[in-house]
Amino acid sequence: MYHSKILGLGKYVPENVVTNEDLSKLMTTNDEWIQERTGIKERRHIKKGDGNSTAEMGFKAAKQAIERSEIDKKDIDLIVFATLSPDYYFPGCGVQIQEKLGIDTCPALDVRNQCSGFVYGISVADQFIKTGMYKNVLVIGSENHSGGLDMTDRSRHVSVIFGDGAGAAVLSRSNDDSKILSTHLHSEGKFIDELSLRGPSTEYWVPEIIADNPQEDIPYYPKMNGQLVFKNAIVRFSEVINEGLQHNNLTKEDIDMFIPHQANLRISQYIQQKFQLKDEQVYNNIQKYGNTTAASIPIALTEAWEDGLIQRGDLVVLAAFGSGFTWGSVIIRW
Ligand code: UT7
């Protein structure tokens, strides 16, 4: 059996910085509440006319990851695109990226697993490489949240959290000790409505939404039961990290770098404490980007790598939890 490794990483965030102070002009909120409950100081939002979209940001991140991996884009065997905010209802962003990269034909698929999307995407790529079917797989996580948030008091607990951005990784067949050791994935559909966006969809086309729904229950804005999500997140994060470690006969003492999905700084800090990790063993950047859903892990991983915080031979742990509920972990020997 073959193994995969991460060969190149890239990221892109829009230039437009939106501070907590900026949001307090749109809804009843304040910097103190947002920082205390989430750790977020600012996030990036696409600005109308700046040319960005989910696929475009994903393309910019992917281009950087491919350049850094030093492979020819023509050698990419598969594109996996994770997002909950695609440019089109259909087709998915995967084929848009293929076109933008100028790759004539190659398989491209979209992953719909929200905050766990990148972890799911890595797992899909890893399986294809392990079987020997593909050698190089491009995995992208990208989100344009800002265009679809309800910037009123009704959704202030949701809208202050999310930001826009993209990250990407090239996974390739490994010829040495550096490899993805395992991926573990889970979902629990009974919580589907606890963090969701119902429409527009085949159940809620736009005219029906307008006809059937009073202003206070608009299903085309994201809804979240924050406290329930929080409680489940800390349990599932811990479980799935332990599952990955145990699978590889490793313990928490073996972790060199933990990169959690950037859901809420309080969640990351809880996990850090539980696993008794030092500050330098956990990478957080939610303070400057907010929660970028499928993009958060690849952006954080890219920055940690750029800052020299991940060295060859390190044990790197990725873990995510989000809407679905879905969750998963990736254990990497760098
Ligand atoms: O990445 C996907 C997974 N998502 C997550 O992991 C998110 C998990 N959940 C959370 O991070 C937290 O639940 C939130 C940060 C979303 C909310 O924090 P919370 O401590 O659970 O607040 P809450 O929703 O229970 O609201 C507490 C109070 C309420 O006021 P009262 O009823 O106590 O008077 C809210 O109305 O805070 C109020 N509130 C706000 N105040 C100022 C809610 N949102 C805001 C706001 N600014 N933006």
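No experiment lies behind these values; they were computed from the predicted model shown.

Novice: Outline the overall build of the protein, listing residues and values.
Specialist: Secondary structure summary: the protein contains 11 helices and 13 strands in total. Relative to a compact globule of 334 residues, whose C-alpha radius of gyration would be 20 Å, the protein shows 19 Å and is just as compact. Along the first, second and third principal axes, the C-alpha atoms of the protein reach 60 × 50 × 35 Å. Residues classed as buried in the protein amount to 56% of the 334 residues present. Considering only residue pairs separated by 6 or more positions, the protein has 78% of its internal contacts joining residues 24 or more positions apart. Put simply, the protein shows about 14700 Å² of open surface, and 48% of that area lies on carbon and sulfur atoms. Positive and negative side-chain charges in the protein, numbering 34 and 44 respectively, have mean positions lying 2 Å apart.

Novice: Give me the pairing of strand β6 (residues 136-143): which residues, what numbers.
Specialist: Across the 8 residues that make up β6, a large majority, 8, are buried. In terms of strand pairing, strand β4 (residues 78-82) meets β6 through 5 bridges, oriented parallel. Within the sheet, the bridge partner assigned to Leu78 lies in β6 and is Val137.

Novice: Help me get a handle on the packing of helix α3 (residues 54-69) against helix α4 (residues 93-101), residues and values and all.
Specialist: Helices that pack against each other are described as a pair by the angle of their axes relative to one another and the distance between those axes. Following both chains from N to C, one finds α3 and α4 inclined at 55°, their axes separated by 9 Å at the closest point. Classified by the angle between their axes, α3 and α4 sit oblique to one another. In terms of crossing hand, the pair formed by α3 and α4 is right-handed. Note on element contacts: α4 touches α3 through Cys93, Gln96, Ile97, Lys100 and Leu101, opposite Thr54, Ala55, Glu56, Gly58, Phe59 and Ile66.

Novice: Lay out helix α5 (residues 117-130) with the relevant residues and their values.
Specialist: Spanning 14 residues, α5 covers 20 Å between terminal C-alpha atoms, matching the ideal 20 Å at 1.5 Å per step. Of all the residues in α5, the buried ones are Gly117, Phe118, Val119, Tyr120, Gly121, Ile122, Ser123, Ala125, Asp126, Ile129 and Lys130. Downstream of α5 by one or two residues, Gly132 has phi in the positive range, about 90°.

Novice: Mind laying out the domain arrangement of the protein, listing which residues take part and the relevant values?
Specialist: We note that the domain assignment places domain 1 (3-176) and domain 2 (180-333) within the protein. If you average the C-alpha positions of domain 1 and of domain 2, the two centres end up 14 Å apart. Taken over both partners, the interface formed by domain 1 and domain 2 buries close to 4100 Å², and the fraction arising from carbon and sulfur atoms is 61%. Inspection of the domain 1/domain 2 interface yields 3 salt bridges. The partner of Arg68 in a salt bridge is Glu306, and the shortest N-O contact between them spans 2.9 Å. The interface formed by domain 1 and domain 2 holds 23 residue pairs in polar contact (both at pLDDT 80 or more) in total. Of the residues contributing to the side of domain 1 that touches domain 2, the split by class is 19 nonpolar, 22 polar and 14 charged.

Novice: Now, about unusual backbone geometry: what can you tell me, with residues and values included?
Specialist: Along the chain, Phe90 connects to Pro91 via a cis peptide bond; the corresponding omega equals -5°. Turning to its location among the elements, Pro91 is positioned in the loop between β4 and α4. A cis geometry characterises the amide bond from Gly199 onward to Pro200, with omega recorded as 5°. Counting through the fold element by element, Pro200 comes out in the loop between β9 (195-196) and α7 (206-212). One non-glycine residue, Gln276, adopts positive backbone phi at about 50°. Among the structural elements, Gln276 can be located in the loop between α9 (265-274) and α10 (286-289). A positive phi angle is found at Thr293, which is not glycine, with a value near 50°.

Novice: So what about the site of the ligand? Which residues, and what values?
Specialist: Neighbouring the ligand are 21 residues; Thr29, Arg37, Gln227, Asn264 and Asn291 lie closest to it. One nitrogen or oxygen atom from the side chain of Thr29 is found 2.6 Å from a nitrogen atom belonging to the ligand. Residue Arg37 places a side-chain N or O atom 2.7 Å away from an oxygen atom belonging to the ligand. Bound to the protein, the ligand loses 73% of the 950 Å² it would expose on its own. A domain split of the shell around the ligand shows at least three residues from each of domain 1 (3-176) and domain 2 (180-333).

Novice: Can you break down the state of the cysteines residue by residue, with the values?
Specialist: Joining two cysteines, a disulfide is a covalent bond between their sulfur atoms. Counted according to the given criterion, the structure contains 0 disulfides. Left without a disulfide partner, Cys106 is nearest to the cysteine sulfur of Cys93, which lies 15 Å away. A relative accessible area of 14% means that Cys106 is categorised as buried.

Procedures and definitions
- Residues numbered from 1 in each chain as written.
- Predicted model: local features only at pLDDT ≥ 70, side-chain atom pairs only at ≥ 80, totals over all residues.
- Heavy atoms only, no water.
- Helix = DSSP H or I, 4+ residues; strand = E, 2+ residues; numbered from the N terminus.
- Rg over C-alpha atoms; globule rule 2.2 N^0.38 Å.
- Buried < 20%, exposed > 50% of the residue type's maximum accessible area, 1.4 Å probe, protein only.
- Contact = heavy atoms within 4.5 Å.
- Areas by Shrake-Rupley, 256 points an atom, 1.4 Å probe, with all protein chains shown as cover.
- Lys, Arg positive; Asp, Glu negative; His and termini not counted.
- Charge placed at Lys NZ, Arg CZ, Asp CG, Glu CD.
- Pairing = 2+ DSSP bridges.
- Axes fitted to C-alpha atoms, helices over the stretch in contact; angles between N-to-C directions.
- Parallel < 35°, antiparallel > 145°, perpendicular 65-115°, else oblique.
- Left-handed = near helix turned anticlockwise from the far one by under 90°.
- Expected span 1.5 Å × (residues − 1).
- Domains from an automatic or database assignment.
- Buried area = accessible area lost by both parts, 1.4 Å probe.
- Salt bridge = Lys/Arg side-chain N within 4 Å of Asp/Glu carboxyl O.
- Polar contact = N/O pair within 3.5 Å; in protein donor to acceptor, adjacent residues only side chain to side chain.
- Nonpolar A, V, L, I, M, F, W, Y, C, P; charged D, E, K, R; others polar.
- Near = heavy atom within 4 Å.
- Disulfide = S-S within 2.5 Å.

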